[in-house]
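Listed below, chain by chain, are the residues.
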Amino acid sequence: RVERNTVLQTAKCGVLCAGQSRTVFRNNAILDGSQGGMWIRNSSAVHITGNSIRGNAKAGLQVGDESNPLVENNALLDGKNGGIVIHGSARGYFVGNTLAGHAQAGVGVQDEAAPVLVRNTLERNAAGGAIMAGRSKSVWHNNTVTRNAVVGVGLKEAASARLVGDSVEGNDGPGVLLQANCHLTLQDCTVSANAKAEVICAGASQLVATGTTLNAEAAEDTVGVQCME
């Protein structure tokens, strides 16, 4: 167990977990590193809870390979890159985290990653709240995506996702943007007050929306759903 420590201004990532690590990281501060905050790789299944990860030069938390961590109630703030990046064949359960103020997206899901994200807050990130790419398959429940630049939730490169009960509101760009053969299910979500459009479905993508509220109140020229080739 690693608990109540401060990891400050490291030349490489603040914390590296490899092999089949099962370590618990609780209530640590990982700050201002020259690389990333935490890197979870190989088949690690660590438990990361209650930590403050702030101001790192690369991703606050990178989860790769076939890792399957539990990441809960952490604050990932003000990074010079992204908040959480999940790639390779990683999975993981991400619940109750705050991802705010990053220079890139709050959450990035790539390759064939398949995480589950529940009750997280993604706000004020400079390159989108969440960006999903590759052939990733992610499931989102009751998350809040708000006040991000560029886009609230973006899918590209054949990514697929299911959003259930999520709120995507007040982003400075489309609330939801699908590009290039993506598939998205929106169920019982609220997509509201975003710039340009609430939902844009383009590039032969597929959208299934049920029980979702689309409230285009941001400006007179904002549309609810825009579909195009």
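Note that this is a predicted model, so its numbers are computed, not measured.

Asks: Quick question: what am I supposed to make of the sheet that holds strand β18 (residues 130-132) here?
Replies: Within a beta sheet, neighbouring strands are joined by backbone hydrogen bonds and run either parallel or antiparallel to one another. Strand order in this open sheet of 10 strands is β3-β6-β9-β12-β15-β18-β21-β24-β27-β30, and the pairing throughout is parallel. Each end of this open sheet is capped by a strand with a single partner; those strands are β3 (15-17) and β30 (223-227). With direction set aside, neighbouring strand axes in the sheet form an average angle of 10°. The pairing of strand β6 (residues 38-40) with strand β9 (residues 61-63) spans 3 bridges and is parallel. The residue of β9 that forms the bridge with I40 is V63.

Asks: How should I be thinking about the sheet that holds strand β17 (residues 121-123) in this particular structure?
Replies: In spatial order, the strands read β2-β5-β8-β11-β14-β17-β20-β23-β26-β29; together these 10 strands make up an open sheet with parallel pairing. The strands lining the two open edges of the sheet, one partner per strand, are β2 (6-8) and β29 (213-215). Ignoring which end each strand starts from, the neighbouring axes of this sheet average 5° apart. Note: strand β11 (residues 75-77) against strand β14 (residues 98-100), 3 bridges, orientation parallel. Looking at the pairing, L76 lines up with L99 of β14.

Asks: Any chance you could explain the pattern of salt bridges here in plain terms?
Replies: Pairing is possible between side chains that carry opposite charge, provided their charged atoms lie close to one another. One pass over the full model with this rule turns up 4 salt bridges. A salt bridge links E3 to R1; the nearest nitrogen and oxygen atoms lie 3.1 Å apart. What makes R1 exposed here is its relative accessible area of 73%. In this structure, E123 engages R147 in a salt bridge whose closest nitrogen and oxygen atoms are separated by 2.8 Å.

Asks: What is the right way to look at the pairing of strand β27 (residues 197-201) in this model?
Replies: Along any regular strand the residues' side chains alternate between the sheet's two faces. For β27, a buried count of 5 out of 5 residues is recorded, marking the element as mostly surrounded by other parts of the structure. Where strand β24 (residues 176-178) and β27 come together, 3 bridges link them in parallel fashion. In the strand pairing of β27, L178 is matched with C201. Where β27 and β30 come together, 4 bridges link them in parallel fashion.

Asks: Explain the packing of aromatic side chains here, please?
Replies: Here the distance between the centres and the angle between the planes together describe a pair of aromatic rings. On inspection of all chains with the given rule, the structure shows 0 aromatic pairs. The positively charged end of R41 is found above the aromatic ring belonging to W39, 4.9 Å away from the centroid.

Definitions and cut-offs
- Residues numbered from 1 in each chain as written.
- Predicted model: local features only at pLDDT ≥ 70, side-chain atom pairs only at ≥ 80, totals over all residues.
- Heavy atoms only, no water.
- Pairing = 2+ DSSP bridges.
- Helix = DSSP H or I, 4+ residues; strand = E, 2+ residues; numbered from the N terminus.
- Axes fitted to C-alpha atoms, helices over the stretch in contact; angles between N-to-C directions.
- Salt bridge = Lys/Arg side-chain N within 4 Å of Asp/Glu carboxyl O.
- Buried < 20%, exposed > 50% of the residue type's maximum accessible area, 1.4 Å probe, protein only.
- Phe/Tyr/Trp six-rings, centres within 6.5 Å; stacked < 30°, edge-to-face > 60°.
- Lys NZ or Arg CZ within 6 Å of the ring centre and 35° of its normal.

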